Amino acid sequence: MEIDETDRAILLALQADATQSAAMLARRLELSQPAVWRRVKRLKDAGVIAGQALELDLARLGFGVTVFLGVKLATKGRVSLDDFERAVSAIPEVQAVHHVLGLYDYRLRVVARDIADFERVLRRRVMTLPGIGNVEANVLLSEERRPGPI
Amino acid sequence: MIDDIDRRILRHLQSAPEMPMAELAEVTRLAQATCYKRVDKLREEGVLKATRSVINWRVLGFTVEVSLRVTLDKTQARAFDEVMAAAREIPEVIEIQTFLGRVDLRLQVLARDMAHYQEVYRAQILALPHITDIEALMQVATIKDAQTVPI
């Protein structure tokens with residue numbers, strides 16, 4: 001989908017704070033309220049705006065540790081991929097699962113209360129997954145999301 | 001302090017951030033005024049840092065997504081600060097993360113296609129300071145992206 005400068009400005013603003021009303025956006029971008037509303041609707045209908053997500057202070061909620069795991073499967077084949085994906089997606093501590101090409105087969109994002117809790121998740125849930133092979137863990141120290149190429 | 005009521009609110013809100021307050025009140029079995037007050041307080045205290053719109057980059061024509069695992073020259077005292085400042089100037093970089101482990105830094109990079117990726121990689125990524133090694137993981141599919149935590 002093609003978007004123009006005004007769409008970009010709207011996307012930037014909503015990426016920072018999706019709770020802004022059309023009236024607020026209109027004032028900030030010096031547009032009319034119906035114009036903003038129309039554009040937001042168009043971006044939503046086209047699927048450019050896929051939804052909303054909360055950014056939470058995980059440490060304050062008791063999740064002190066985020067770990068990224070690079071996972072290599074020991075055995076391959078369609079059946080084992082499906083089994084692995086189904087089982088790994090069912091683990092509540094696993095926030096994200098990406099199938100990747102390169103050094104690893106999958107990249108997982110795991111949240112845990114602390115390192116001891118992470119070890120429990122790793123031993124009881126991750127290392128028991130069907131077909132699991134080599135696992136590399138990197139503990140997240142800091143993270144920032146950038147607005148991206150808009 | 002965060003109590004069980006806050007947790008209940010966040011648990012429902014994180015899986016449907018666009019839920020109207022009236023509906024949130026219903027699913028959490030709380031009064032609507034209580035929900036308003038609690039959500040406001042969670043925002044004020046910074047537990048709920050932001051509600052963001054999620055962009056589907058594929059729809060905008062960015063079909064290539066690569067995770068670059070970067071190792072830095074740690075003999076340079078300011079290596080982390082300088083490489084991160086430079087990475088922020090690259091629009092195609094959508095995530096910058098630092099790690100404790102074998103990897104120092106991870107950059108999530110978007111590109112329109114492989115030709116565009118090669119251009120970004122050669123002209124911008126390889127020009128970043130203090131890098132000793134880069135490994136690329138090309139994203140094939142997203143199996144799960146919950147954006148939620150088991151609160």
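Residues numbered from 1 in each chain as written. Chains lettered and ligands numbered in written order. Predicted model: local features only at pLDDT ≥ 70, side-chain atom pairs only at ≥ 80, totals over all residues.

1. Considerations on the pairing of strand S3 (residues 93-100) of chain B
Counting buried residues in S3 of chain B gives six out of eight residues, a clear majority hidden from the surface. As paired strands, strand S5 (residues 132-145) of chain A and S3 of chain B are joined by six bridges and run antiparallel to one another. Bridge pairing in S3 of chain B links Glu143 of chain A to Gln97 of chain B. The hairpin turn running from S3 of chain B into strand S4 (residues 105-111) of chain B, its antiparallel successor, is four residues long, and Gly101 of chain B in that turn takes a positive phi close to 150 degrees. (Buried ≥ 20, exposed ≤ 12 C-beta atoms within 10 Å, placed from the backbone. Helix = DSSP H or I, 4+ residues; strand = E, 2+ residues; numbered from the N terminus. Pairing = 2+ DSSP bridges.)

2. Some points on unusual backbone geometry
Residues and elements named next belong to chain A. Even without being a glycine, Glu30 presents a positive backbone phi close to 55 degrees. Tracing the backbone through its elements, the reader meets Glu30 in the loop between helix H2 (22-29) and helix H3 (33-45). Judged by C-beta crowding, with 8 C-beta atoms within 10 Å, Glu30 ranks as exposed.

3. Quick notes on the packing of helix H1 (residues 5-16) of chain A against H2 of chain A
Residue and element names in this part refer to chain A. At their nearest, the axes of H1 and H2 sit 11 Å apart, and the two run at 125 degrees to each other. Of the possible angle classes, the one that applies to H1 and H2 is oblique. As H1 packs across H2, the resulting crossing turns out to be right-handed. Contact with H1, carried on its side by Thr6, Ala9, Ile10 and Ala13, involves Leu25, Arg28 and Leu29 of H2 and no other residues of that element. Residue classes in the contact of H1 with H2 are distributed as five nonpolar, one polar and one charged. (Axes fitted to C-alpha atoms, helices over the stretch in contact; angles between N-to-C directions. Parallel < 35°, antiparallel > 145°, perpendicular 65-115°, else oblique. Left-handed = near helix turned anticlockwise from the far one by under 90°. Contact = placed C-beta atoms within 7 Å. Nonpolar A, V, L, I, M, F, W, Y, C, P; charged D, E, K, R; others polar.)

4. Thoughts on the domain arrangement of chain B
Here the domain parsing of chain B yields domain 1 (4-44) and domain 2 (64-138). The C-alpha centroid of domain 2 of chain B is placed 38 Å from the C-alpha centroid of domain 1 of chain B. (Domains from an automatic or database assignment.)

5. Section: the sheet that holds strand S4 (residues 106-112) of chain A
Ordered by their spatial adjacency, eight strands build a closed barrel running S2(A)-S4(A)-S3(A)-S5(B)-S2(B)-S4(B)-S3(B)-S5(A), and the pairing between neighbours is antiparallel. Within this sheet the neighbouring strands show an average axis-to-axis angle of 35 degrees, counted without direction. Helix-sheet contacts for helix H5 (residues 115-126) of chain A involve strand S2 (65-73), S4 and S5 of chain A, and the interaxial angle to S4 of chain A is about 135 degrees.

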